[in-house]
Amino acid sequence: MNRRDSLKALGLSTLSAGLLLEACKTDTTKTAETADTKTETAEAEPGRQPYEIERDKKLHADKFFTTAEMLTITVLGDIIIPKDEKSGSASDAKVPDFIEFIVKDIPEHQTPMRGGLRWLDVQCLNRYNKIFTDCTSAQQIELIDMIAYPKKAKPEMAQGVAFFNRMRDLTASGFFTTKMGFHDVGYVGNAPNKWTGVPPDILKQYGMENV
Amino acid sequence: MSDLQIKKSSETYDVVIVGSGAGGGMAGYVLANAGVKVLMLEAGAYFDPQKDSQQLKFPWESPRRGAGTTRPFGDFDAAYGGWQLEGEPYTTKDNTDFQWFRSRMLGGKTNHWGRISLRMGPHDFKAKDGLTDDWPITYDEVKPYYDKVDRLIGIYGSKENLENEPDGIFMAPPKPRLNELFIKQGAQKAGVKVIPGRGAVLTEALPGNKDRSPCFYCGQCGRSCKIYGDFSASSCLVIPAVKTGNLKVITNAMVREVLTNKEGVATGVSYVNKEDMLEYQVNAKTVILGASAAESARILLNSRSEAHPGGLANSSGVVGRYLHDSTGSSAGGFLPQLLDRKRYNEDGAGSVHIYSPWWLDNKKLDFPRGYHIEYGGGLHMPSYGFGSGIQNMNGMVPGRDGKMKEAGGYGAGLKDDYRRFFGAQFGMAGRGTAIARYDNYCEIDPQVVDKYGIPVLRFHYKWAPDEIKQAKHMQETFQEIMHNMGAIYAGPQGADTNYGLEAPGKIIHEVGTVRMGDDPKKSALNKWCQAHDCKNLFVVDAAPFVQQGDKNATWTILALSMRTAEYILQERKKLNV
């Protein structure tokens, strides 16, 4: 079923379907061509204010993280969200690129991220005489285990816990807002439809038929 | 010497309207359709939801994945504006924390609002407790206009026959989402009534209207609607009014003041054109302000003249005073029963599906008036912030193997947790009556101007024990509901945060700054929203409100603006304005 047919099936009027198709034209082509994380650098975009377009351009042109930092972010991201039978890893979904953008966009992330990465390397140097990315996988995991579980982490690792919490959140944001992430989590909306309530089998499953 | 000059128009309009939101838009719509020549000045850019809405975009179409960096309610939200605008400051005094949201665009804040459309009831216009001033009008006087607004714009809801929650002319409401059924069950067990939401969204075709189509349930009203399936003043009022040929809009026109003659009669307005930065003056027989409660007060206070030394329409001194915003406090959690729930499209409508109208008797309570509760939750589209704080959730329920997990983590197990928790969360927010107080006000800051040289507003606003106790009650109610739902949630917000009571302004229901009343010594406007001191000046936004109920302001703005516009038509016939 193509989009026009599905709109008809939903009982949308010709007018509304027409308007919608017209309005979505650019978006659909973009969506079709776009890789998971590629975002358009703006020309004149409808509904975007000139200062927003300018700002995005500047952010895309700037670089925040060093190559070494990006490498650490990539390793950490894939430790947090690895490839499994259902979907790819954080780096497959270009999460590191997203993190590079978002720290420029939301500068409050910058110092905790940069400082957190440095904290991690110093911890590794003290323990293993190597920076994080030069450590063996076993060493990396040994260190991550000390900061990934807030309730059982030692008090002296609290700064590492705070950093890892932030890194985990950014990785989840970056991963689950891609096509890969949508597919993984099973989100099936953002499309014209007719809402008629919770499907009967699900109402029954939760005993909600009469609520 | 700069080449700054004032460009005076020789044309005189019947009416000039400042602002294009719910109030200005409705007045323009009524007047233009009656053949009146109207000029509308909008301080922001042109905006047509059909072309400019970000509806149906996916998060990966935003480099920030929908984060609210430049737009406070997210990158796809419709509002051009925010809590702070470049070059347009406002100030506070006496440690006030007042937050002022401004949308600089055609249709104003109606492009992104929650579409929750509640009528104020008989006891909101005339309170039983006598604690606040009565409105100069009753519910029965406003009811016909609420009815007309319902028919003109379209609203969903259910007939409930509640005394202070008057029914309207409703389309069918959307059914609750799964999480909302749990909420309903939990609330009812706590003695809290839950009824279908009331929203300005077309769940059916709007009779007689060919420009708008029914909702297709993307749940994105906040982005504004390309098929005009919900109410924005841009799509439903201003753009149709322009099509009559009787209404002209000038965008990027930032109004400085209302001009008056020696007799104190309004003759037009002056404004800055933000594109060429020149000063303009336009003439009109009638001036209508619909710039928003605070902005309209600002314009009046800045319109000083010999005839109006304390600002226009301000011989009473009340302009800027009685500022009040709804109270707000919220809570949320997740439903462990809904882990691993089956997937389906649960986007629904972009306004609330269910809510709780105020249900208690104040005789048994330690605060006056009350609040309603708005609810939400479901399989919503992932966006920036998805899965945030999972370490606060995944240690609280057993994993797939039935064993408790250590909170936080990484790897395949964590990845699976994000899937498991998807769609299990919910939230609830109280929106309550704040008492209109003389001592909560905005005024002109004597020292600060914006980049156009217009003196800015300075806010003074303190919550009183009435509002703080109300927030405490909200928190207690939320705890009981969430307990009954079998939810997992954090404890109540306490005295250290005023029980989660939001800063005034945060709910964006600020009203009351140019109040109506029968007594010109105690009010700025008469019962037609006409200035006591200046008969050809009207205010049609939320500034005229005497005392807001717990109901969101928009539907009342629309009804009052329509009523005022019809009054202006009658007065024009009698040659009074």
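Now for a description of the structure that goes with this document. (Residues numbered from 1 in each chain as written. Chains lettered and ligands numbered in written order. Predicted model: local features only at pLDDT ≥ 70, side-chain atom pairs only at ≥ 80, totals over all residues.)

The helix and strand tally for chain B stands at 10 helices and 19 strands. By the compact-globule yardstick of 25 Å for 577 residues, chain B fits well, its C-alpha radius of gyration being 24 Å. Here the C-alpha coordinates of chain B stretch approximately 85 × 55 × 50 Å along the principal axes. Considering only intrachain contacts with a sequence separation of at least 6, the fraction spanning at least 24 residues in chain B is 74%. (Helix = DSSP H or I, 4+ residues; strand = E, 2+ residues; numbered from the N terminus. Rg over C-alpha atoms; globule rule 2.2 N^0.38 Å. Contact = placed C-beta atoms within 7 Å.)

Let's shift gears to the interface of chain B and chain A. Facing 66 residues of chain B, the contacting portion of chain A comprises 68 residues. For the side of chain B that touches chain A, the element with the most residues is helix α8 (residues 411-421) of chain B, which contributes six residues. Among the residues making up the side of chain B that touches chain A, the classes are represented as 28 nonpolar, 21 polar and 17 charged. (Nonpolar A, V, L, I, M, F, W, Y, C, P; charged D, E, K, R; others polar.)

Now for the sheet that holds strand β4 (residues 91-92) of chain B. Residue and element names in this part refer to chain B. Strand order in the open sheet made by the three strands is β4-β16-β15, with mixed pairing throughout. The open sheet has two edge strands, β4 and β15 (441-449), and neither has a second partner. One ladder, built from five bridges, connects β15 with strand β16 (residues 455-460); its direction is antiparallel. Its bridge partner being in β16, Glu443 is matched across the sheet by Arg458. Sitting on the sheet, helix α7 (residues 293-302) touches β15 and β16, and the angle it makes with β15 is about 60 degrees. (Pairing = 2+ DSSP bridges. Axes fitted to C-alpha atoms, helices over the stretch in contact; angles between N-to-C directions.)

The next point concerns the sheet that holds strand β6 (residues 195-196) of chain B. Pairing between the strands of a sheet is mediated by backbone hydrogen bonds and can be parallel or antiparallel. All names here are of chain B. Reading across from one edge, β6-β12-β13-β14-β11-β17 is the order of the six strands in this open sheet, with antiparallel pairing throughout. Pairing within the sheet leaves two strands with one partner each, and these edge strands are β6 and β17 (488-489). Sheet topology places strand β11 (residues 327-334) next to strand β14 (residues 425-432); eight bridges connect them, and they run antiparallel. Looking at β14, one finds that Ala331 is bridged to Met428.

Attention shifts here to unusual backbone geometry. Residue and element names in this part refer to chain B. Here the phi dihedral of Ala313 falls at roughly 65 degrees; this positive angle occurs in a residue that is not glycine. Among the secondary structure elements, Ala313 is positioned in the loop between α7 and β11. The backbone of Arg369 sits at a positive phi, close to 60 degrees, despite the residue not being glycine. Looking at the secondary structure, you find Arg369 in the loop between β12 (354-356) and β13 (371-377).

All names here are of chain B. The end-to-end C-alpha distance of helix α5 (residues 178-189) is 17 Å, a good match for the 16 Å that 12 residues give at a rise of 1.5 Å each. Judged by how many residues are buried, α5 sits mostly within the fold: 10 of 12 residues are covered. Every buried residue belonging to α5 is among Leu178, Asn179, Glu180, Leu181, Phe182, Ile183, Lys184, Gln185, Gly186 and Ala187, and all of these are buried. Residue Gly191 follows α5 closely and has a positive phi angle near 80 degrees. (Expected span 1.5 Å × (residues − 1). Buried ≥ 20, exposed ≤ 12 C-beta atoms within 10 Å, placed from the backbone.)

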